[in-house]
Amino acid sequence: QVQLVESGGGLVQAGGSLRLSCEASGRFFLINGMGWYRQAPGKQRVLVARIVGGSTPNYAEFVKGRFTISRDDAKKMVFLQMSSLKPEDTAVYYCWTLATRTGTGDSYQYWGQGTQVTVSS
C-alpha cells in the first residue's frame, strides 16, 4: 500500500499563485509516476499534470504555461506550482501515483485524499 499526503491548497485571488506538495510513503514499492488531477463540483476528475518514468511532463491544455509540475524522487515527492490562477481552476486537487510492487512487478494507482483550491474573482 502507498499513502499520499497532500498539502498547500487554500483560497487565493484570481491571478495569484499556490504551490501544492505531495509525499508518497510505503514499503516495497517503486514509484514510477506521480502527478495531479482535479475535480470541480459536478464534474469528472481530470488530469492536470503528471510525470511518468523519465518522460517529459504531461500537462492538460488548460494549464499549459501557468502550472509547472516537478518531482523529487529521492524524497518521493511531487509538486505543482500554480500561477495566474483563474476562478475556473477551483477544484479539489488529488495527488496520483503509479507504483510497482517489488517482487511481483504488479503496478497500482493510488490517490491522495485531495486538497481544496479555491480561486476567487
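What counts, and at which threshold
Residues numbered from 1 in each chain as written. Predicted model: local features only at pLDDT ≥ 70, side-chain atom pairs only at ≥ 80, totals over all residues. Heavy atoms only, no water. Salt bridge = Lys/Arg side-chain N within 4 Å of Asp/Glu carboxyl O. Helix = DSSP H or I, 4+ residues; strand = E, 2+ residues; numbered from the N terminus. Buried < 20%, exposed > 50% of the residue type's maximum accessible area, 1.4 Å probe, protein only. Disulfide = S-S within 2.5 Å. Pairing = 2+ DSSP bridges.

Examining the pattern of salt bridges
Move 1: Here the structure, examined in full by the defined rule, presents four salt bridges.
Move 2: The residue Asp89 makes a salt bridge to Arg38 at a minimum N-O spacing of 2.9 Å. One end of the pair, Asp89, is in the loop between β8 (77-82) and β9 (91-101); the other, Arg38, is in strand β4 (residues 29-39), with 51 residues separating them in the sequence. The residues Asp89 and Arg38 share a single accessibility class, namely buried.
Move 3: In the salt-bridge network here, residues are joined through shared partners; they are Arg38, Arg66 and Asp89.

Looking at the state of the cysteines
By definition, a disulfide links the sulfur atoms of two cysteines through a covalent bond.
Move 1: Applying the stated rule across the entire model yields one disulfide.
Move 2: Across the disulfide, Cys22 is cross-linked to Cys95 (sulfur-sulfur distance 2.0 Å). Negative torsions about the S-S bond denote left-handed disulfides, and the value of about -90° found for Cys22 with Cys95 makes this one left-handed. With Cys22 in strand β3 (residues 18-25) and Cys95 in strand β9, this residue pair connects regions lying 73 residues apart in the sequence.

Considering the pairing of β9
Move 1: With eight of 11 residues buried, β9 lies mostly within the body of the structure.
Move 2: Bridging between β4 and β9 involves 10 bridges; their strand directions are antiparallel. Across the sheet, residue Ile31 finds its bridge partner in β9, namely Ala99.
Move 3: Strand direction decides the pairing type here: β9 and strand β11 (residues 115-120), joined by three bridges, are antiparallel. When the bridges of β11 are listed, Ala91 appears paired with Val117.
Move 4: Pairing of β9 with strand β10 (residues 107-111) involves five bridges; the strand directions are antiparallel. Pairing of Trp96 across the sheet is with Trp111, part of β10.
Move 5: Linking two consecutive strands that pair antiparallel, namely β9 and β10, is a turn of five residues; a positive phi of about 100° is found at Gly103 within it.

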